[in-house]
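# What the coordinates show
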Amino acid sequence: MGRSGRLIRYLRRHPFDALLTLAILILIAWILWSTGAWVLTAADWSVVSSNLPLFASGTYPADQRWRPILWLLLLLLLTLCTLLLPVKRSPQCRGVFRLLLPWLWLAMLPFGITLLGGGMGLPAVPSRAWGGLALTLLLTGASGFLALPLGILLALGRNSPWPVLHHSSRLYVDLMRAVPLIAVLFFGQLLIPLFLPMNLEINRVLRAVVAFGLFAAAYVAEDIRGGLQAIPRTQREAAAALGLSTIQSLRWVVLPQALRISLPALTNQAIGLLQNTSLMALLGLVELLGISRSLLANPDFIGRHLEVYLWLGVVYWLVGTAMALLASRLETSR
C-alpha cells in the first residue's frame, strides 16, 4: 500500500484528528497570509529605513558614526568568515585558520571599546553617547567575557573539597539566582555610586557590564558544574596515572571536556544575556529597545509600534541565530 493509501486509511479511522489538523493548517496559512500582506502592503517602513543609523549607533555623534558602523561591519565579516570558510580543504589552511580566528574574536571586544571610546588618535566620545546595536553587542560581549571566567571559578569552588570555597560559592550562586535581574541592574546603576568616594565615578556602561556579568556568572557556574559532573572519574585517574598534578589534570583533561559538554547551555545563556540587555532601556541606556522607545515618542512616527517592534524582533532573531550557529561551529570543530 502506497503513501496515499495509508493516508486515506488513517483519515477514515481518525476523522476528528484529520479535521483538527486541517483546521490548524488553515489557521496557520491565514496568519502567514495576513502577516505577509500587512508587511508588504499596509506597513509603513519609513520609521525603520530613515533611522537605520540610529538603530546601529544610537546618539553617537553624527560625524563620528562611522566608528560603531565599522565595528559592526567587522563583526559581520568575521561571523561570515567563521561560518562560510571551508577550513577542511587542507591541514595547513585548517591549522592557520584555527590559530588565527580565536585571536581575532578576542581582539574584537577591546578594539570595539577603543574605537567607540576614542583611542588610536580618535576624538574621545563619552559612553553616555553610545547606543543602538553597537551598545547591545558591546554589553553582551563584555558581560560574557566577565561572566565566563567567574562562572568557571564558582563551578570549581562548588566542587571543591574545602568547606570555605564550597559554601561561599554555593551561597553566591543561590543568592544571585534568587534575585531578579532588574533588581541587580538597579543596584548597579543607582546604588553603587552612593557607596563610592566623591571623587570616584564609574560610567554607566561599565556599571551595567559588571551587573550583567555578576548575575550571569551564577548561571554559567551551574552549567559548567553540570559539565564537570559529566566527566567520568576514570579521566582523572588516567591523568593521575600519567603523572599530572591536580591542576594540570584540571587544565588539560577535565575542564576542556566540561566546557565542550556545557557549550549548548552556555550558548543559551549568551542569547539570554543578549535579550536581557533590553532591560537597560528602563535605566536610561539607549540600546536597541531604548532607540525604539525614543523613536515612538517622535510625533512623526506615532502609531508605528508594530513596524518598530517587528523590526526589533527580526534584529534580535538574526543576532541570536548567528550566535547559535557560531556555537554550533565551535562545538563540531576538532
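Please refer to the structure placed before this passage.
Described below are features of the structure shown in this document. Being a predicted model, the structure only gives us computed values, none of them experimental.

### A word on the environment of Ala 270
Within the secondary structure, Ala 270 sits in helix α12 (residues 246-276). Judged by its relative accessible area of 26%, Ala 270 falls in the partly exposed class. Separated by 249 residues in sequence, Ala 270 and Thr 21 have C-alpha atoms that sit 36 Å apart. Beyond its immediate chain neighbours, meaning those up to four positions away, Ala 270 contacts Thr 140 and Met 323.

### Examining the nonpolar core
Counting residues in hydrophobic clusters, the biggest one holds 70 residues, and the most contacted among them are Trp 71, Trp 130, Leu 137 and Met 280. Considering each element in turn, this core owes the most residues, 13 residues, to helix α10 (residues 204-229). Dropping the residues within four chain positions of it, Met 280 is found in contact with Leu 139, Leu 185, Gln 189, Ala 208, Phe 212, Leu 285 and Glu 287.

### Details of the side chain of Arg 158
Mapping Arg 158 onto the fold places it in helix α7 (residues 132-158). In contact with Arg 158, not counting residues within four places along its chain, are His 166, Ser 169, Arg 170, Val 173, Asp 174, Glu 222 and Arg 225.

### Considerations on the environment of Asp 300
Inspection of the secondary structure puts Asp 300 in the loop between α13 (288-296) and α14 (305-332). On the basis of relative accessible area, Asp 300 is assigned to the exposed category, the value being 65%. Taking the C-alpha atoms as reference points, Asp 300 and Ser 57, 243 residues apart in sequence, are found 21 Å from one another.

### Observations concerning the pattern of salt bridges
This model, assessed by the stated rule, comprises 6 salt bridges. Across the salt bridge formed by Arg 304 and Glu 307, the nearest N and O atoms sit 3.1 Å from each other. Its relative accessible area of 24% is what places Arg 304 among the partly exposed residues. In this structure Glu 307 comes out as buried when scored by relative accessible area, which is 2%. Look at the salt bridges and you will find they share partners, linking Arg 158, Arg 170, Asp 174, Arg 177, Glu 222 and Arg 225 into a network.

Criteria and thresholds
- Residues numbered from 1 in each chain as written.
- Predicted model: local features only at pLDDT ≥ 70, side-chain atom pairs only at ≥ 80, totals over all residues.
- Heavy atoms only, no water.
- Helix = DSSP H or I, 4+ residues; strand = E, 2+ residues; numbered from the N terminus.
- Buried < 20%, exposed > 50% of the residue type's maximum accessible area, 1.4 Å probe, protein only.
- Contact = heavy atoms within 4.5 Å.
- Core = buried A, V, L, I, M, F, W, Y, C linked by side-chain atoms within 4.5 Å.
- Salt bridge = Lys/Arg side-chain N within 4 Å of Asp/Glu carboxyl O.

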